[in-house]
Amino acid sequence: MGTKRQNIARTLIQILLFGSIWGSFEVVLDSGLRTINFPYRAGSLVGIGMLSMGMALAIYKRPSMLIGIGLIAGSFKLLSVPILHIPLSCKANSFIAIGLQAFVLSLVTGSLIKKMDKSIHTRMGVGGLAALVSAAGFYFIGMRVAPCPYLLSFSPLGFMVREGIIWAIFSAIMLPLGYLVGIRLRQTMVHLLTTRPTFGYAACISISAVCVGISAITIVAVG
């Protein structure tokens, strides 16, 4: 029983860590790219998500974890609701986009995780495919949940050409990159949480708390 509880605690801590890192990048990078009016902002954010999930996949080999990681990351976008006192609908599509990325990637990698270790082309294909499916799902779901002017300006095909392809390109690059970083960090992370769990848990929670703080400060500063 004790080992089972330790495994559950370890999994939850890992989900919290990677979700918080991804979420803080979503908030901070999104604010910065909006400020400079970067034309591929959405693609860049999707790429960051794929980078984060690629690292987690390489380290833990558990695609199901991605769903939890995505939910944590998406919740960072919702911090604007209580901080800025804005309607939930203003951030609903952002949460949906992140959640879909995680859900779709977890499904795609479910049967391909072993091949991803051996082939960079498989990683690229997985990233690109997951992004395309996520983009299609996001368009149709977003149009029903929170049909913002940007979405309304596209037909389904137009959105896939303008955004879906860009998402796929960024993802095909960033998922393999994240996977490579994860391979390099795998032994260190597993060793730390296995041999020094108290220190490892404290470090993960501290990093997550810092991510929340940085995100909150960014939201207040940018508005």
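Residues numbered from 1 in each chain as written. Predicted model: local features only at pLDDT ≥ 70, side-chain atom pairs only at ≥ 80, totals over all residues. Heavy atoms only, no water.

S.K.: Hey, could you go over helix α9 (residues 156-195) for me, with residue numbers and the actual values?
M.R.: The end-to-end C-alpha distance of α9, which contains 40 residues, comes to just 51 Å, noticeably less than the 58 Å that a straight helix rising 1.5 Å per residue would cover. Of all the bends in α9, the largest measures some 50° and sits at L185. (Helix = DSSP H or I, 4+ residues; strand = E, 2+ residues; numbered from the N terminus. Expected span 1.5 Å × (residues − 1). Bend = angle between axes of the 7 residues up to and from the residue.)

S.K.: Outline the UniProt feature "transmembrane region" (unreviewed entry) in the protein chain, listing residues and values.
M.R.: Here the UniProt feature "transmembrane region" (unreviewed entry) sits at residues 12-29, 41-60, 67-88, 94-113, 125-145, 165-186 and 198-222. The distance separating the terminal C-alpha atoms of residues 12-29 is 25 Å; by composition the span is 100% helix and 0% strand. Across residues 41-60 one finds 100% helix and 0% strand; the C-alpha atoms that close the span lie 29 Å apart. (UniProt positions renumbered as here; feature names shortened; annotations may be inferred.)

S.K.: Requested: an account of the packing of aromatic side chains, with residues and values cited.
M.R.: On inspection of all chains with the given rule, the structure shows 9 aromatic pairs. Summarising the aromatic geometry, the rings of F138 and F159 are spaced 6.1 Å apart at their centres and angled 40° between planes, so their arrangement reads as tilted. In this pair, F138 is assigned in helix α7 (residues 120-145) and F159 in helix α9, connecting sequence segments 21 residues apart. A relative accessible area of 1% places F159 in the buried class. With a centroid separation of 5.0 Å and 75° between ring planes, the pair formed by Y150 and F154 is classed as edge-to-face. Relative accessible area serves as the criterion here: at 18%, F154 is assigned to the buried category. (Phe/Tyr/Trp six-rings, centres within 6.5 Å; stacked < 30°, edge-to-face > 60°. Buried < 20%, exposed > 50% of the residue type's maximum accessible area, 1.4 Å probe, protein only.)

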